[in-house]
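One-letter residues, chain by chain:
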Amino acid sequence: MVDQQTAGSTTDSRNFKQILEKQVENAIRELRRSNGALVVSGLAAGMNVSFGALFMAMALTFMPEFGSDLAKQLTLASVSAVGFLLVMIGQTELFTAHTTMAWLPVLSGHADLRDLGRLWSIIYAANLVGCTVFAGLVSVLGPALGIVSPSSFGSLAEALLPFSWWTILLSGVVAGWLMGLATWLLAASRETVSGVLVVFVVTAGIGFGPFHHSLLGTTEVLGAMFLGTGVTLAQFGHFLLWTTLGNIVGGFVFVALLNYGQIYYGDTPDSVDVDPENIE
């Protein structure tokens, strides 16, 4: 999904372009993958990102009372980021990463909307199946092991569901924006350690909100539904529709479009000559 060896040792405009050009190449490569490869990778990503939901539910089960709301949200943010780390460092295909990166070949003229639609539909469907399978597994195994209580998933779902469509949409925009930033910054990281830190910090912001992420949230909401907390299919559909639209807008507008625009339509000079004698 992301090639970390894309950034040079400096940060001038040419290296910004190199990062973008490498990302376009990587995205084109993903667009050309076979349907079967995309399905398998998408299933893996859906299940891997779901570990974030499992770990949040475990934290709520093992520590039902936190010292403060801040301590609770910091804990949940930290453990939720693990799921994103598993996906992004493992380079499996997550839809909310492709809402940013897969647009780049379209913007550069190397692919069309049909190519984008094929990739999105396969990855999105595979991700959802992976999340559903994981939620079903957790609903059976979690209570049996005593590591997940129905109320823990109920609490996670309660933080996502009781909102108007526009609130969910805008929250989804923020989550898509953060996810796109994590994808972009990982590509610019010079080494694995810095990449891990970037992904952890940025994606932890999604759980800290908590902002609406279509796939992590799917596992949370379906887990609550399967555990009999009263969540309905209609509530899940409402959540998924507006969250997905928000994630797409956030990743495309605030990361892909702006980064593409600043590099290809900016006027940053390649070099600047400065006379030290004129500097006071």
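Residues numbered from 1 in each chain as written. Predicted model: local features only at pLDDT ≥ 70, side-chain atom pairs only at ≥ 80, totals over all residues. Heavy atoms only, no water.

Asker: Which parts of the structure should I look at to understand helix 10 (residues 192-208)?
Answerer: In an α-helix there are 3.6 residues to a turn, and that puts residues three or four apart on one side. Compared with the 24 Å implied by 1.5 Å per residue over 17 residues, the 24 Å span of helix 10 between its first and last C-alpha is a close match. Buried-residue contacts for helix 10 involve helix 4 (69-90) and helix 9 (165-188). (Helix = DSSP H or I, 4+ residues; strand = E, 2+ residues; numbered from the N terminus. Expected span 1.5 Å × (residues − 1). Contact = heavy atoms within 4.5 Å.)

Asker: I tried to follow the environment of Asn 48 on my own but got confused; where do I start?
Answerer: In this structure, Asn 48 sits in helix 2 (residues 35-49). Look at Asn 48 and you get partly exposed, because its relative accessible area is 22%. In sequence terms Asn 48 and Gly 130 are 82 residues apart; their C-alpha atoms lie 8.3 Å from each other. Setting aside residues no more than four positions away along its own chain, Asn 48 makes contact with Gly 83, Leu 86, Val 87 and Thr 92. (Buried < 20%, exposed > 50% of the residue type's maximum accessible area, 1.4 Å probe, protein only.)

Asker: How should I be thinking about the packing of helix 4 against helix 9 in this particular structure?
Answerer: Think of two packed helices as two axes; the pair is described by the angle between the axes and how far apart they sit. With their axes 11 Å apart at the nearest point, helix 4 and helix 9 run at an angle of 40 degrees to one another. Between helix 4 and helix 9, the angle falls in the class oblique. Crossing angle aside, the handedness with which helix 4 passes helix 9 is right-handed. Only Met 179, Ala 182, Thr 183 and Leu 186 of helix 9 make contact with helix 4, whose side of the interface consists of Phe 84, Met 88 and Ile 89. (Axes fitted to C-alpha atoms, helices over the stretch in contact; angles between N-to-C directions. Parallel < 35°, antiparallel > 145°, perpendicular 65-115°, else oblique. Left-handed = near helix turned anticlockwise from the far one by under 90°.)

Asker: Explain the side chain of Ser 149 here, please?
Answerer: Topologically, Ser 149 is positioned in the loop between helix 7 (113-145) and helix 8 (150-158). Within the local environment of Ser 149, its side chain forms a polar contact with the side chain of Ser 151, the two groups lying 3.1 Å apart. If we skip the residues at most four places from it in the chain, Ser 149 touches Thr 61 and Leu 227. (Polar contact = N/O pair within 3.5 Å; in protein donor to acceptor, adjacent residues only side chain to side chain.)

Asker: What is the right way to look at helix 7 in this model?
Answerer: In a regular helix each residue adds 1.5 Å, so 33 residues correspond to 48 Å; helix 7 covers 46 Å between its end C-alpha atoms and thus fits that length. Val 138 marks the point of greatest bend in helix 7, at about 30 degrees. For helix 7, the N-terminal capping position is held by Asp 112, with its side-chain oxygen 3.1 Å away from the main-chain nitrogen of Arg 114. One or two steps after helix 7, the chain reaches Gly 146, where phi turns positive at roughly 75 degrees. (Bend = angle between axes of the 7 residues up to and from the residue.)

Asker: Looking at this model, I keep getting lost on the UniProt feature "transmembrane region" (unreviewed entry) in the protein chain. Mind explaining?
Answerer: Using the residue numbers shown here, the UniProt feature "transmembrane region" (unreviewed entry) corresponds to residues 37-62, 82-107, 119-145, 165-186, 193-216 and 236-258. The straight-line gap between the two end C-alpha atoms of residues 193-216 is 24 Å; of that span, 79% is helix and 0% is strand. Taken end to end, residues 236-258 is 100% helix and 0% strand, and its first and last C-alpha atoms sit 31 Å apart. (UniProt positions renumbered as here; feature names shortened; annotations may be inferred.)

Asker: Whenever I open this one, the packing of aromatic side chains confuses me. Can you help?
Answerer: The way to describe two aromatic rings as a pair is by their centre distance and the angle between their planes. Following the criterion strictly, the structure yields 9 aromatic pairs and no others. Summarising the aromatic geometry, the rings of Trp 103 and Phe 252 are spaced 4.2 Å apart at their centres and angled 35 degrees between planes, so their arrangement reads as tilted. Here Phe 252 lies in helix 12 (residues 233-264) and Trp 103 lies in helix 6 (residues 103-108), a separation of 149 residues in the sequence. Each member of the pair Trp 103 and Phe 252 is classed as buried. Following the ring pairs from residue to residue traces out a cluster consisting of Phe 95, Trp 103, Trp 120, Tyr 124 and Phe 252. (Phe/Tyr/Trp six-rings, centres within 6.5 Å; stacked < 30°, edge-to-face > 60°.)

Asker: In this structure, what is going on with the pattern of salt bridges? I would like to understand it.
Answerer: Close approach of charged atoms allows side chains of opposite charge to pair. Taken as a whole, this structure holds 2 salt bridges when the rule is applied. A salt bridge links Glu 30 to Arg 33, with the shortest nitrogen-to-oxygen separation between them at 3.4 Å. Accessibility expressed as a relative area gives 10% for Glu 30, which makes it buried. Close ionic contact of Arg 33 with Glu 93 constitutes a salt bridge, the shortest N to O distance being 2.8 Å. Of this pair, Arg 33 sits in the loop between helix 1 (13-31) and helix 2 while Glu 93 sits in the loop between helix 4 and helix 5 (95-101), and the two are 60 residues apart along the sequence. Via salt bridges that share partners, Glu 30, Arg 33 and Glu 93 belong to a single interconnected network. (Salt bridge = Lys/Arg side-chain N within 4 Å of Asp/Glu carboxyl O.)

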